[in-house]
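# Fold and geometry: a report
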Amino acid sequence: MALRQIYMDKQIGIALLDSLNPEHLRGKTIFIRCDFNVPLVSTEKGYYRVADDTRIRRFLDTTFKKIHELTEGDCRIIIGSHLGRPHKQKGHLGWDGIFNIQYVSSHFDTLIRKLYGDTYTIFPPEIIDSHFEHSLEVVSNKRTPPGGIKFLPNLRYLLDPSNPDTYRKEFIGELANVSDVYINCAFGCSHRTTKSIKMLPQLMKTQNKLVVAGTLLNQEIKNLGTFGRRVISQPSKTVVIAGGSKVSDKINVLKQFVHTGVKAIFIGGKMVNSFLIARKAKLKMTPFDLSNIPRTLLSTNEESNENLVNEVSLAGEIIDFANNKKVNLIFPEDYKCVDEFKAPSFFIESEPDFEKVLQMDLGPKTIENFKNTILSDGVENVFWNGPLGAYDHPTNHDYAEGSLALAQLLFEETLTNQNFSAVIGGGDSAAILNKIGANQLKNLIKRCIEKQLAEPINRDLLNMEFPVDDNYILWNYLSSNFFVSTGGGASLEFLEKFLKEEGNGDLASYLPGTSTLMELTAA
């Protein structure tokens, strides 16, 4: 029997790590494409630390856990990931700082030691001056011991304009030669076609080496596929919450949600500005162009101004399409506004006048009415992508209030309504969850459980204890109908294509990275 027939998942259409046996991995060198593109913050000493390790921990909980079960450390691992966009910076600015994977590998080392003690040894990425030149020497010819984990430098260093494309191809070729097994665990990157996502597994497949999807990648597309089927079967019970900065990042999936006929789309975040301007321009029946950009949104950068005009145009397209399809577009009832971005305090406006003010977050009336606005009339499916305010503002944490209130509302609904399903579409939306403390989250859970107790029960005689004091565990593993994706753009593209094809294709067929795995599985 062919190897692919042994470990191929027919529903998904790709080969899976979960179906391998120990002999497939023991003693082998395993390359894992991870998505460790996590936020870093600077410390007082000038170093950086990981601010949100959700993606790293989810990898350890899933894919790495399975590898350990199969090998008990008898393998050598190479981890590749990108971090930020260093190739966009001139003069290698930040390459030894905010873009340095070394800070990620240090945090990874701390986490893995808590789980497996000294079973694994971390080999950090090389310093900036050597880039990739010596990265693979330590793993070639099995120079690392069993249990050795080699972190490659930031994969986007390969995009340095000073390096020709032949340099990138040569490195990928060397990586294919030293690796025995390829595992794609980077769901958050699988909507893009990069050399580590496509070329590398293709090369390794030609060498008759194993190419599989990691456990985390498998979980992502299965959960999103399940949610997508719910949307298709009951669009009138589905609400989409869209926040963040750019309409352009979400235009395709928003149009698809409208085409599918969801009940409503709530618009928040910075991108609501474009919708408000577009709506106003339609009422006045005057086109919006560079000449009438409001004062507070006008930039000294001409490209930024042109981008705003395009954003308003795209928002106008969504407004028209939603009207035609009778999909309700919901805008906030009020806003937290400021005269300038760094203003120490805010005031409330029912609608911001962008000639005078900036809006920073949802207002109190909008937040208070969330439940009636979003969860009314039997809504059972909610997809949320993008923060609803400037949650990461450097001086005023009040601008996270709208996003935090929504996160708690959705979580509470999943705990008290077994028919309800919520998906948080990764990126900044997922990072917001960790701003809610463990005690606050545990109190919310207690209240939800108490609501479901029979009225005669004396609640004062009950004491609820939690085996963990970790909000990451509670958010990600307490309720099976509350799913936090590790991919922002990837989750958007997956759902867009899934809904467009009405879920008729293999789950792996909707993203370029997973499509590559599907093609190689069938080869």
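Note that this is a predicted model, so its numbers are computed, not measured.

What counts and what doesn't
Residues numbered from 1 in each chain as written. Predicted model: local features only at pLDDT ≥ 70, side-chain atom pairs only at ≥ 80, totals over all residues. Heavy atoms only, no water. Pairing = 2+ DSSP bridges. Helix = DSSP H or I, 4+ residues; strand = E, 2+ residues; numbered from the N terminus. Axes fitted to C-alpha atoms, helices over the stretch in contact; angles between N-to-C directions. Expected span 1.5 Å × (residues − 1). Buried < 20%, exposed > 50% of the residue type's maximum accessible area, 1.4 Å probe, protein only. Contact = heavy atoms within 4.5 Å. Phe/Tyr/Trp six-rings, centres within 6.5 Å; stacked < 30°, edge-to-face > 60°. Lys NZ or Arg CZ within 6 Å of the ring centre and 35° of its normal. Core = buried A, V, L, I, M, F, W, Y, C linked by side-chain atoms within 4.5 Å. Disulfide = S-S within 2.5 Å. Polar contact = N/O pair within 3.5 Å; in protein donor to acceptor, adjacent residues only side chain to side chain. Salt bridge = Lys/Arg side-chain N within 4 Å of Asp/Glu carboxyl O. Right-handed = clockwise from strand over helix to strand, strands pointing away. Parallel < 35°, antiparallel > 145°, perpendicular 65-115°, else oblique. Left-handed = near helix turned anticlockwise from the far one by under 90°. Nonpolar A, V, L, I, M, F, W, Y, C, P; charged D, E, K, R; others polar.

## Section: the sheet that holds strand β7 (residues 121–123)
- Pairing in this open sheet of six strands is parallel, and the strands run β7-β8-β6-β3-β9-β10 from one edge to the other. With partners counted over all chains shown, the strands left at the sheet margins are β7 and β10 (210–213), one partner each. Recorded for the sheet is a direction-independent mean angle of 20° between the axes of neighbouring strands.
- Sheet topology places β7 next to strand β8 (residues 148–151); three bridges connect them, and they run parallel. Paired with Thr 121 across the two strands is Gly 148, which belongs to β8.

## Examining helix α17 (residues 488–500)
- Along its 13 residues, α17 runs 19 Å from first to last C-alpha, staying within 8% of the 18 Å computed at 1.5 Å per residue.
- The element α17 is largely enclosed, with a buried count of ten among its 13 residues.
- Listed in full, the buried residues belonging to α17 are Gly 488, Ala 490, Ser 491, Leu 492, Glu 493, Phe 494, Leu 495, Glu 496, Phe 498 and Leu 499.
- Where α17 is buried, its residues contact α3 (54–71), α7 (215–233), α8 (251–260), β17 (381–385), α14 (427–433) and α18 (512–522).
- Backbone geometry just after α17 places Glu 502 at a positive phi near 55°.

## Some thoughts on the packing of aromatic side chains
- Counted according to the given criterion, the structure contains 24 aromatic pairs.
- Between Phe 266 and Phe 370 the ring centres are 5.9 Å apart and the planes differ by 65°, which places this aromatic pair in the edge-to-face class. With Phe 266 in strand β12 (residues 264–267) and Phe 370 in helix α12 (residues 370–374), this residue pair connects regions lying 104 residues apart in the sequence.
- Residue class for Phe 266 comes out buried when judged on its relative accessible area of 1%.
- When the centroid spacing of 5.8 Å and the interplanar angle of 20° are considered together, the rings of Phe 494 and Phe 498 count as stacked. Here Phe 494 and its partner Phe 498 are both found in helix α17, four residues apart, which amounts to about one turn of the helix. For the pair Phe 494 and Phe 498, a shared accessibility class is recorded, and that class is buried.
- Through a chain of ring-to-ring contacts, three or more aromatic side chains come together here, namely Phe 36, Phe 59, Phe 64, Phe 108, Tyr 116, Tyr 120 and Phe 151.
- Over the face of the ring belonging to Phe 331 we find Arg 279, whose NZ or CZ atom lies 4.6 Å from the ring centre.

## Concerning the nonpolar core
- In this structure, Ile 14, Leu 152, Leu 175, Phe 257, Ile 265, Phe 275 and Phe 494 are the most contacted members of the largest nonpolar core, which totals 88 residues.
- Top element by residues in this core is helix α10 (residues 302–325). It accounts for eight residues.
- If we ignore the near neighbours within four places in the chain, the residues touching Leu 175 are Phe 31, Ile 78, Leu 136, Leu 152 and Leu 200.
- In this structure, Leu 409, Ile 432, Leu 433 and Leu 444 belong to the second largest nonpolar core, which totals 39 residues.

## Some details on the state of the cysteines
- Counting across every chain of the model gives zero disulfides.
- With no disulfide of its own, Cys 34 lies 5.7 Å from the sulfur of Cys 185, the closest cysteine sulfur.
- By relative accessible area, which is 1% here, Cys 34 ends up buried.
- When its relative accessible area of 3% is taken as the criterion, Cys 185 is described as buried.

## Thoughts on the side chain of Arg 168
- By secondary structure assignment, the location of Arg 168 is in helix α5 (residues 165–178).
- A polar contact of 2.6 Å, which involves the side chain of Arg 168, links it to the backbone oxygen of Leu 158.
- Ignoring anything within four residues of it in the chain, the contact list for Arg 168 reads Leu 158, Leu 159, Asp 160, Asn 163 and Lys 195.

## A word on the pattern of salt bridges
- Overall, the coordinates contain 21 salt bridges when judged by the stated rule.
- The shortest N-O distance in the salt bridge between Asp 165 and Lys 169 comes to 3.5 Å. Note that Asp 165 and Lys 169 are positioned in helix α5 at a spacing of four residues, about one turn of the helix.
- Judged by relative accessible area, Asp 165 falls into the partly exposed class, the value being 31%.
- It is possible to trace a salt-bridge network through shared partners that takes in Asp 165, Arg 168, Lys 169 and Lys 195.

## What about the sheet that holds strand β19 (residues 482–484)?
- Read from one edge to the other, the open sheet built from six strands follows the order β13-β12-β11-β17-β18-β19, with strand pairing classed as parallel. Across the chains shown, the open sheet's two edge strands, defined by having one partner strand only, are β13 (328–330) and β19. For this sheet the average axis-to-axis angle between neighbouring strands, irrespective of direction, equals 15°.
- Both strand β18 (residues 421–424) and β19 contribute to a ladder of three bridges, which runs parallel. Bridging from a neighbouring strand, Ala 422 pairs with Phe 482 of β19.

## With respect to the pairing of strand β11 (residues 238–242)
- Of all five residues in β11, five are buried; the element is thus mostly enclosed.
- With burial as the criterion, each face of β11 is covered, one bearing Thr 238, Val 240 and Ala 242 and the other bearing Val 239 and Ile 241.
- Inspection of the sheet shows β11 paired to β17 by five bridges, in the parallel sense. The partner of Val 239 across the bridge, within β17, is Val 382.
- Across four bridges, the pairing between β11 and β12 is parallel. Among the inter-strand pairings, Val 240 is bridged to a residue of β12, identified as Ile 265.
- Since β11 and β12 lie parallel, the crossover through α8 that links them has a hand, and here it is right-handed.

## Focus on the packing of α3 against helix α4 (residues 102–116)
- Two numbers describe how α3 lies on α4: the axes approach to 11 Å, and their chain directions differ by 55°. As judged from the angle between their axes, α3 and α4 are oblique. For the element pair α3 and α4, the recorded crossing hand is right-handed. Residue-level contacts link Ile 56, Arg 57, Phe 59, Leu 60, Phe 64, Lys 65 and His 68 of α3 to Val 104, His 107, Phe 108, Leu 111, Ile 112, Leu 115 and Tyr 116 of α4.
- Among the residues forming the contact of α3 with α4, the class breakdown is ten nonpolar, two polar and two charged.

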